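# Residue-level structural notes
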Amino acid sequence: MSQAAAEGTATGSWSGGASPYKVGHKKLGMWLFVLSDSLTFSALLFGYSYVRIATPNWPKPFAFYPSVIYATVMTACLLSSSLTMVMAVNASAKGNRAGVVKWIIGTIIGGSAFLILHIREWMHLIDEGMTPAGTPAEWGPNVPLFGGTFFTITGLHMFHVLTGVIYLAVIAARKKSTHEDVEICGLYWHFVDLVWMFVFPLIYLLSIKPN
Amino acid sequence: MSEQETHDHSNSGSKLYLIVWFGLIALTGIEVFLGYKQLPLHIMLALLMGLSLIKAALIIFYFMHMKFEKTALILTILPAMVIVISLLSIFFPDAQRLIEHSANR
């Protein structure tokens, strides 16, 4: 029976020799990576939300100005870098290699701006006395989970942004990058942006200093 | 095969992406405004997550081109993601129990 299938009846989408998803194996791989990574981040964010709701004296250290405005600018940087990334994929679809490099450089600038602003934010919080295991005395009772969740979630996200910037640079620099490579790189970059869309409201907007 | 897809993408044009980008920025603005208003935690959490889900959908369907993929791919990726993530909500009643427990102590 299997012989008959192998000999000449392999015509259906699922009988082999066809591409059921109509995407290359690399792109399917990236989709599956995005799927698994979204589960990693959602587990972290659900865990964070759990302790956030269950802790009555959760610290609210972020002043609306400057901290939250600062984080909003970071969000705008990432969103704009996503826009330049779709423009890069668009240029790549038209075979415009110079355009691809130009738009990817724009994306790298957006991503780097995000990284620099975020690291400055971290330095500021560390200066105030925040550690992964505790909050400064001025913020009220010590809530170690605040520091732990903050540094873990934003740190993992920052690592993804850094990886993304390197990935983008490699794709832009390599002469033999195909349209599919640019598209896959875009998938990863948009995913990093997507994760921040959840990190920003959960971490920053739920811990704004009351006036 | 991939060339045909390519044409579909470029036809959708950069204007559409610009509109989606404006939408995302506007939704972020609404979220920041809600943060400024300081509503009770549960309402905040529900509203912010609702808005963020709209943003996530915009990014997945337009920026990540999910809208232009084959239905088979969408059905392979999306339901798995949505169901597993939704199942994590099972923890929330327990968080509520903990805070009531500490209030009664």
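Coordinates for the structure precede this section.
Here is what the cut-offs are and how they apply
Residues numbered from 1 in each chain as written. Chains lettered and ligands numbered in written order. Predicted model: local features only at pLDDT ≥ 70, side-chain atom pairs only at ≥ 80, totals over all residues. Helix = DSSP H or I, 4+ residues; strand = E, 2+ residues; numbered from the N terminus. Rg over C-alpha atoms; globule rule 2.2 N^0.38 Å. Contact = placed C-beta atoms within 7 Å. Nonpolar A, V, L, I, M, F, W, Y, C, P; charged D, E, K, R; others polar. Core = buried A, V, L, I, M, F, W, Y, C linked by C-beta atoms within 7 Å. Buried ≥ 20, exposed ≤ 12 C-beta atoms within 10 Å, placed from the backbone. Axes fitted to C-alpha atoms, helices over the stretch in contact; angles between N-to-C directions. Parallel < 35°, antiparallel > 145°, perpendicular 65-115°, else oblique. Left-handed = near helix turned anticlockwise from the far one by under 90°. Expected span 1.5 Å × (residues − 1).

Before going further, it helps to spend a moment on the overall build of chain A. Of the regular secondary structure elements, chain A holds 6 helices and 0 strands. Secondary structure of chain A in N-to-C order comes out as α-α-α-α-α-α. Expected size for 211 residues packed as a compact globule is a radius of gyration near 17 Å; at 22 Å, chain A overshoots this value by more than 25%. Considering only C-alpha atoms, chain A reaches an extent of 75 × 45 × 25 Å along its principal axes.

Further remarks concern the interface of chain B and chain A. Counting residues at the interface gives 43 residues for chain B and 42 residues for chain A. Residue assignment for the side of chain B that touches chain A shows that the elements contributing at least two residues are helix H1 (2–37), helix H2 (41–63), helix H3 (71–87) and helix H4 (92–104) of chain B. Residue classes in the side of chain B that touches chain A are distributed as 28 nonpolar, 11 polar and 4 charged.

A few words now on the nonpolar core. Ranked by internal contacts, the top residues of the largest apolar core, which has 66 residues, are Ala88(A), Leu187(A), Tyr188(A), Val195(A), Val199(A) and Phe200(A). Those elements that provide at least two residues to this core are helix H2 (25–54), helix H3 (64–93), helix H4 (97–128), helix H5 (144–173) and helix H6 (179–204) of chain A together with H1 and H2 of chain B. Of all the elements, H6(A) adds the most residues to this core, at 18 residues. Discounting residues that sit within four places of it in the chain, Leu187(A) has contacts with Met30(A), Trp31(A), Val34(A) and Met64(B).

A few words on the environment of Ser52(B). Inspection of the secondary structure assignment puts Ser52(B) in helix H2. Note on Ser52(B): 21 C-beta atoms within 10 Å, which makes it buried. For the pair Ser52(B) and Leu27(B), spaced 25 residues apart in the sequence, the C-alpha separation amounts to 8.1 Å. Excluding residues within four positions of it along the chain, Ser52(B) makes contact with Met197(A), Phe198(A) and Pro201(A).

Residues and elements named next belong to chain A. Between H3 and H6, the least distance of the axes is 9 Å, while the angle of their chain directions is 165 degrees. Relative to H6, the element H3 lies roughly antiparallel. Relative to H6, H3 is oriented so that their crossing is left-handed. Listed contacts from H6 to Val68, Ala71, Thr75, Leu78, Leu79, Ser82, Met85, Val86, Ala88, Val89, Ser92 and Ala93 of H3 are His179, Val182, Glu183, Gly186, Trp189, His190, Asp193, Trp196, Phe200 and Tyr204. Of the residues that constitute the contact of H3 with H6, the class distribution is 14 nonpolar, 6 polar and 2 charged.

Another point: H3(A). All names here are of chain A. Along its 30 residues, H3 runs 42 Å from first to last C-alpha, staying within 8% of the 44 Å computed at 1.5 Å per residue. The element H3 is largely enclosed, with a buried count of 21 among its 30 residues. Glycine 95 sits one or two positions beyond H3 and adopts a positive phi of about 75 degrees.

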